[in-house]
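Now for the letters of each chain:
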Amino acid sequence: MTTKQLHKTTESQSKLKEFKALGFIIVVLFPALCVAAIGGYGLIIWLIQAMGGIVPH
Amino acid sequence: MKYFKDLWQTLNKPAKYLTLGSISLTAFIMGIIFWGGFNTALEATNTEEFCISCHSMESKPYQELQATVHWSNNSGVRATCPDCHVPHSWGRKIARKMEASSDVWGWLFQTVNTSEKFEDKRLEMASREWARFERDDSLACKNCHNYNSMKWETMSKLAQKQMKSAAERDQSCVDCHKGIAHTLPEMGTARAPQLIAEVGTGPSSFTNEQPYFSALTKPLYFSPTGDVQAGTLNVATKVTVLASEGDRVKVAIDGWRKKVGLGRVIYFDFGINMLTAQLSKEAAKTDGIINGFEEKEDTMTGLKWQRVETELWTDAEYLITEQKPLWDYARTTFRTSCSVCHTQPDEAHFDANTWPGMFQGMIAFVNMDDDTQALVQKYLQQHSSTFVKEAH
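Predicted model only: the values in this text are computed from it and were never measured.

*Asks:* What am I meant to see in the nonpolar core here?
*Replies:* If you look at soluble globular proteins, the nonpolar side chains tend to sit buried side by side. All names here are of chain B. Counting 26 residues, the largest nonpolar core has Leu 195, Leu 326, Trp 355, Phe 359, Leu 375, Val 376 and Leu 380 as its most contacted members. Within the residue set of this core, elements represented by two or more residues are helix H11 (193-199), helix H13 (324-338), helix H14 (355-363) and helix H15 (370-382). Summarising the domain contributions, this core has at least three residues from each of domain 2 (203-320) and domain 3 (324-382). Residues Leu 279, Val 308, Leu 312 and Leu 319 belong to the second largest nonpolar core, which totals 21 residues.

What follows is the structure in structure tokens.
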């Protein structure tokens, strides 16, 4: 394998890596974070209410 | 693990191939899709169709709603399930949606999928629902109804009086308007569990010739074993135990009756409409069941009254040795249940014969089982001006 060829493979490899990472963010990470954040927010309000507090609206 | 390490390395350094344009465009589109998708999903779970896709297995809430003003009215405004059951503000809506995981749980385990199961759980579910309305002062109702826009002049006298004072305090609607959309839970059959928890079920053995007091409205029988009922003994009534046999006791009941018809209702005292016992027609017709003594005429009503005594059998349970716990319970119940609607009058404000009418007018808006109702009414009569004056 020539140096040039080697360079090409790493290049396309890390390009693939970048796209994979983006895909991961779109499909897994952000949806999960979203659900967790909203769920957590709901949980906090629910807890405040459960302890007899009043949530301003 | 290696996968995540690689991933982190890629994410942690500036993109080499993805352009800033494509990254921000992705972010922008994702934002739109996420926000839109989330709210669409939220809206989808906030439609009546969604609710009744489950709440039709027992059909009840939906069918019951259809018989109410919130289903069809002159104004043509329809209140849907989420209008009343799901808060509007975003945060609370999410919180309520999380609480609704108990709906999903219940659906998975089929907690209310038949009419019987639903009725069994109705009180429990309604209690939670009432707590929710109380928690936010019936905000859901107030999204449509506004005290300030109510036209008092055209309301009934009762509505005006009650609602005006409610408006001053911005009171929660469901304090008074329970069962506005569904049938109220059956509360009369549970036989006053709280009352019994408070006063106990009574001793297991009895001393003859001693006074005892009924803790519930109790059935009366002709004999220690037969199941033919001779009538009912009112709650908080003093009786004298004469004999015990099996799980029944023979009790002596005395009082006065009106000399009209069969005269099968026994009252506490001459001229006082305070229930002691109600005998059946058969019992009243049978010789020797009711023994009559002297008679007196009530000049107020022109009715003749007669002092009577009777001896009948009743179940040995729910006969307690003291009357005071019953009055204590009744006082607390009266104070807490009736002050919800208005400052309740003093016990001695009315006389023993006026209280029943007053009380019946009040309890229309309070959830009280039959035994507790009877007890509180008797408490009010017993502590009315009729007796308080005499005590002075």
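*Asks:* Whenever I open this one, the packing of aromatic side chains confuses me. Can you help?
*Replies:* One pair of aromatic rings is described through two measures. These are the centre distance and the angle between the planes. Inspection of every chain in the model, using the stated rule, returns 15 aromatic pairs over all chains. With a centroid separation of 6.1 Å and an interplanar angle of 25°, the aromatic rings of Tyr41(A) and Trp90(B) are classed as stacked. One end of the pair, Tyr41(A), is in helix H1 (residues 3-50); the other, Trp90(B), is in helix H6 (residues 90-99), on a second chain. A residue is classified by how much of its surface remains accessible, and Trp90(B), at 31% relative accessible area, is partly exposed. Residues Tyr62(B) and Trp71(B) carry aromatic rings whose centres are separated by 5.6 Å and whose planes lie at 80° to one another, so their mutual orientation is edge-to-face. The class of Tyr62(B) is partly exposed, set by a relative accessible area of 24%. Here Trp71(B) falls in the partly exposed class, since its relative accessible area comes to 25%. Note that Arg248(B) overlies the ring of Tyr221(B), its terminal NZ or CZ placed 3.6 Å from the centroid.

*Asks:* Is there a simple way to think about the UniProt feature "binding site: heme 4" (unreviewed entry) in chain B in this case?
*Replies:* All names here are of chain B. Residues given the UniProt feature "binding site: heme 4" (unreviewed entry) here are Cys 173, Cys 176 and His 177. Note on placement: Cys 173 falls in the loop between helix H10 (157-168) and H11. In this structure Cys 173 comes out as buried when scored by relative accessible area, which is 16%. Not counting the four nearest positions on each side in its chain, Cys 173 is found in contact with Ser 138, Cys 141 and Lys 142. Turning to its location among the elements, His 177 is positioned in the loop between H10 and H11. Judged by relative accessible area, which is 37%, His 177 ranks as partly exposed.

*Asks:* Quick question: what am I supposed to make of the UniProt feature "transmembrane region" (unreviewed entry) in chain A here?
*Replies:* Per the UniProt entry, the sites bearing "transmembrane region" (unreviewed entry) are residues 21-48 of chain A in this numbering. Between the end C-alpha atoms of residues 21-48 of chain A there is a gap of 38 Å, over a span that is 100% helix and 0% strand.

*Asks:* Would you take a moment to explain the pattern of salt bridges for this structure?
*Replies:* Two side chains carrying opposite charge are able to pair once their charged atoms lie near each other. Residues and elements named next belong to chain B. Within this structure, the stated rule accounts for 22 salt bridges over all chains. Ionic pairing is found between Glu 48 and Arg 78, a salt bridge with its closest N-O pair at 2.2 Å. In this pair, Glu 48 is assigned in helix H3 (residues 48-54) and Arg 78 in the loop between helix H4 (60-65) and helix H5 (81-85), connecting sequence segments 30 residues apart. According to the relative accessible area criterion, Glu 48 is buried, its value standing at 8%. In this structure, Glu 64 and Arg 122 form a salt bridge, with 2.7 Å as the shortest nitrogen-oxygen distance. Residue Glu 64 is located in helix H4, and its partner Arg 122 is located in helix H8 (residues 115-135); the two are separated by 58 residues in the primary sequence. Look at Glu 64 and you get buried, because its relative accessible area is 15%. The class for Arg 122 is buried, based on a relative accessible area of 6%. Put simply, Arg 96, Glu 99, Glu 129, Arg 132 and Arg 135 are held in one network by salt bridges that share partners.

Rules used throughout
Within each chain, residues carry numbers counting from 1 in the order of the written sequence. Each chain gets a letter, beginning with A, and each ligand a number, beginning with 1, in the order they are written. Local features in this predicted model are restricted to residues whose pLDDT is 70 or higher, and side-chain atom pairs enter the listing and the counts only when it is 80 or higher, whereas totals over whole chains, interfaces and linings include all residues. Hydrogens and waters are ignored; side-chain quantities use all the structure's heavy atoms. Put simply, a nonpolar core is a bunch of buried Ala, Val, Leu, Ile, Met, Phe, Trp, Tyr and Cys residues held in one set by side-chain atoms that sit within 4.5 Å of each other. The classification of residues rests on relative accessible area computed with a 1.4 Å probe and restricted to protein chains. Under 20% of the type maximum is buried, over 50% is exposed, and intermediate values are partly exposed. Starting at the N terminus, helices and strands are each numbered in turn, a helix being any DSSP run of H or I of at least four residues and a strand any DSSP run of E of at least two. Those domain boundaries reflect an automatic or database domain assignment. Planes of paired rings set the category: under 30 degrees apart is stacked, over 60 is edge-to-face and the rest tilted, where pairs are Phe, Tyr or Trp rings (Trp by its six-membered ring) whose centres lie within 6.5 Å. In this scheme, the term charge over a ring applies when either NZ of a lysine or CZ of an arginine sits within 6 Å of the ring centre and within 35 degrees of the ring normal. UniProt positions are given in the numbering used here, feature names are shortened, and annotations may be inferred rather than shown by experiment. In what follows, a contact means two residues having at least one pair of non-hydrogen atoms within 4.5 Å. Only one rule defines a salt bridge in this text: a Lys or Arg side-chain nitrogen within 4 Å of an Asp or Glu carboxyl oxygen.

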